[in-house]
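Listed below are the residues making up each chain.
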Amino acid sequence: MAILACLFPKYSVNLIEFIFTECLTKQGVMNLPIFNYLTELFFPRLCVVCGDRLIEQEQWICLHCLHHIPRTNFHLEPDNRVAQIFYGRVKLEFATSFFYFSKGSKYQSLLHALKYKGMKELGAEIGKHFGIDLMQSSDFLSVDVICPVPLHPQKEKKRGYNQSWWVASGIALQMQKELSDDNLKRVTATETQTRKSRFERWQNVEGIFELSHPDAFAGKHILLIDDVVTTGATLEACAQTILSQTDARVSIATLGTA
Ligand SMILES: [Zn+2]
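Counting of residues starts from 1 at the beginning of each chain's written sequence and follows it residue by residue. It should be noted that, the model being predicted, local features are given only for residues of pLDDT at least 70 and side-chain atom pairs only at 80 or more, the latter also being counted only at that level, while totals for whole chains, interfaces and linings use all residues. In computing side-chain values, all of the structure's heavy atoms are included and hydrogens and water are not.

Enquirer: Help me understand the nonpolar core, please; the structure alone is not making it clear to me.
Expert: Buried together is how nonpolar side chains tend to be arranged in soluble globular proteins. Residues enter a nonpolar core if they are buried and are Ala, Val, Leu, Ile, Met, Phe, Trp, Tyr or Cys, with the set joined through side-chain atoms within 4.5 Å. Each residue gets one of three labels from its accessible area relative to the maximum for its type: buried under 20%, exposed over 50%, partly exposed in between, using a 1.4 Å probe on protein chains only. Membership of the largest hydrophobic core comes to 34 residues, with the highest contact counts inside it found for Phe99, Leu110 and Leu255. Only helix 4 (63–67), strand 1 (95–100), helix 6 (106–116), helix 7 (120–134), helix 10 (163–175), strand 6 (221–229) and strand 7 (249–257) provide two or more residues apiece to this core. Grouped together as the second largest cluster of nonpolar side chains are 26 residues, Phe74, Phe86, Val250 and Ile252 included. Here a helix means four or more residues in a row that DSSP labels H or I, a strand means two or more in a row labelled E, and each is numbered from the N terminus.

Set out below in structure tokens:
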């Protein structure tokens, strides 16, 4: 205590003692308002989309950016642009994305933060809002199991998390659906390729994913979740794997679509 008093001579020993006691012994450092204030002062929480300071009730994204997210509303329109990506490639029930993003746009930074900046909880937060939208559609309400697109274990270890799992967990929580993260597995790290013929693609897809327990998906409606859909190659491979190994129906939902 005496050392603290020497370091901060302007403050009385009593005040330092009060802060020290309250801070470290009674409430714990994290709970003390002054600690939160100082953390906020030196490490302000910023919105991942606009960069403005967040208020206490906001997490990762400010209410303004959340409200103005460029929703596709594809869950209300079965014959949409995302569904069309898979026409003639794999039989899906429904396909949708939460919002549009373009290269360099504000909302692309959200996806970038989720995937590359370690902000995994952002995925669950946005997933919850996506889940609210999906619940407006009877097509998606008929889903039984939410299944994130798996990363290869080596890649997941390197990144520390699977961003699609976090999105899926938010959606599953909101929709009160089962989350399956131990059935569909990625067994090779090979990138899926799109510039191939349908047959070559099929060969390329073979052996990338597999189901550990095909029976667990039998007769169920599976909703595959990924962060973005661009060429659709990975999602196609996952859907093909499920459909070829068990009697299930498959739909797709991603956060972003270009
Ligand atoms: Zn914002």
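Enquirer: For this particular structure, what's the right way to read the packing of helix 7 against helix 10?
Expert: For any two helices packed against each other, the geometry comes down to the angle between their axes and how far apart the axes lie. Direction vectors running N to C along helix 7 and helix 10 enclose 40°, while the axes themselves pass 6 Å from each other. Overall, the two elements helix 7 and helix 10 adopt an arrangement that is oblique. The interaxial crossing formed by helix 7 with helix 10 has right-handed handedness. Contact residues: helix 7 offers Lys120, Glu121, Gly123, Ala124, Gly127, Lys128, Phe130, Gly131, Ile132 and Leu134, while helix 10 offers Trp166, Val167, Ser169, Gly170, Ile171, Leu173, Gln174 and Met175. In terms of residue class, the contact of helix 7 with helix 10 is built from nine nonpolar, six polar and three charged. Only C-alpha atoms enter the line fits that serve as axes; for helices the fit covers just the stretch in contact. Angles between N-to-C directions range over 0 to 180 degrees. When describing relative orientation, an angle under 35 degrees is termed roughly parallel and one over 145 degrees roughly antiparallel, while 65 to 115 degrees is termed roughly perpendicular and anything else oblique. Crossing handedness: left-handed means the near helix sits turned counterclockwise from the far one by under a right angle, and right-handed means the same turn made clockwise. In this description, contact between two residues means that some pair of their heavy atoms is separated by no more than 4.5 Å. Only Asp, Glu, Lys and Arg are considered charged, only Ala, Val, Leu, Ile, Met, Phe, Trp, Tyr, Cys and Pro nonpolar, and every remaining residue, Gly among them, polar.

Enquirer: Is there a simple way to explain the coordination of the zinc ion in this structure?
Expert: For a metal with four donors in a tetrahedral arrangement, the ideal angle between donors is 109.5 degrees, while six donors in an octahedron ideally sit at 90 or 180 degrees. Listed donor atoms are N, O and S within 2.8 Å of the metal (Na, K and Ca: 3.2 Å). As water is not included, a site may look incomplete. Around the zinc ion, the protein contributes the donor atoms Cys47 (SG), Cys50 (SG), Cys62 (SG) and Cys65 (SG), which lie 2.3 Å from the metal centre. Considering all four donor atoms around the zinc ion, angles at the metal cover 101 to 116° and the coordination shape is tetrahedral. Donor residues binding the zinc ion come from one chain and are separated in sequence as C-x2-C-x11-C-x2-C. Of this pair, Cys50 sits in the loop between helix 3 (33–42) and helix 4 while Cys62 sits in the loop between helix 3 and helix 4, and the two are 12 residues apart along the sequence. In this structure Cys50 comes out as partly exposed when scored by relative accessible area, which is 32%. Among the residues examined, Cys62 registers a relative accessible area of 8% and is labelled buried. Angle rules define the geometry names used: all angles between 85 and 135 degrees makes four donors tetrahedral, while opposite donors over 155 degrees apart and all other angles between 65 and 115 make four donors square planar and six octahedral, leaving every other case irregular.

Enquirer: For this particular structure, what's the right way to read the sheet that holds strand 3 (residues 178–179)?
Expert: Hydrogen bonds between backbone groups are what pair the strands of a sheet, and the pairing can be parallel or antiparallel. When DSSP finds at least two bridges between two strands, those strands are taken to pair. Spatially, five strands are ordered 1-7-6-2-3 in an open sheet, and the strand pairing comes out parallel. One side of each edge strand has no neighbouring strand; the edge strands of this open sheet are strand 1 and strand 3. Judged from the four bridges that link them, strand 2 (residues 145–148) and strand 6 form a sheet pairing that is parallel. Within the sheet, the bridge partner assigned to Val145 lies in strand 6 and is Ile222. Along the sheet, helix 10 contacts strand 2, strand 3, strand 6 and strand 7; its crossing angle with strand 6, the most-contacted strand, is approximately 130°. The strands that helix 12 (residues 233–245) touches are strand 6 and strand 7; relative to strand 6, the one it contacts most, it runs at about 165°.

Enquirer: Would you mind going over the side chain of Asp227 with me for this structure?
Expert: Tracing the backbone shows Asp227 in strand 6. Among the polar contacts listed, one links the side chain of Asp227 to the side chain of Gln163, at a separation of 3.3 Å. Counted as a polar contact is a pair of N or O atoms within 3.5 Å, where, for protein atoms, one must be capable of donating a hydrogen and the other of accepting one, and residues adjacent in sequence contribute only when both atoms are in side chains.

Enquirer: Help me understand the environment of Asn183 in this model?
Expert: Here Asn183 shows up in the loop between strand 3 and strand 4 (184–186). The spacing of Asn183 and Leu211 is 28 residues in sequence and 5.3 Å in space, taken between C-alpha atoms. In contact with Asn183, not counting residues within four places along its chain, are Glu210, Leu211, Ser212, His213, Pro214, Ala216 and Phe217. Here His213 takes part through its backbone nitrogen, which lies 2.8 Å from a polar atom of the side chain of Asn183.

Enquirer: So what exactly am I meant to see when it comes to the pattern of salt bridges here?
Expert: Two side chains with opposite charge may pair up if their charged atoms get near one another. Here a salt bridge means any side-chain nitrogen of Lys or Arg lying within 4 Å of a carboxyl oxygen belonging to Asp or Glu. The final tally for this structure, using the stated rule, is five salt bridges. Among the ionic pairs, Lys115 bridges to Asp227, the shortest N-O distance being 3.8 Å. On the criterion of sequence distance, the pair formed by Lys115 in helix 6 and Asp227 in strand 6 is long-range, its members being 112 residues apart. The exposure class of Lys115 is partly exposed, given its relative accessible area of 22%. The salt bridge involving Lys128 is made with Glu125; its shortest N-O contact spans 3.8 Å. Here the residue Lys128 and the residue Glu125 both occupy positions in helix 7, the gap between them amounting to three residues, near one helical turn. Overall, the relative accessible area of 30% leaves Lys128 in the partly exposed class. Its relative accessible area of 18% is what places Glu125 among the buried residues.

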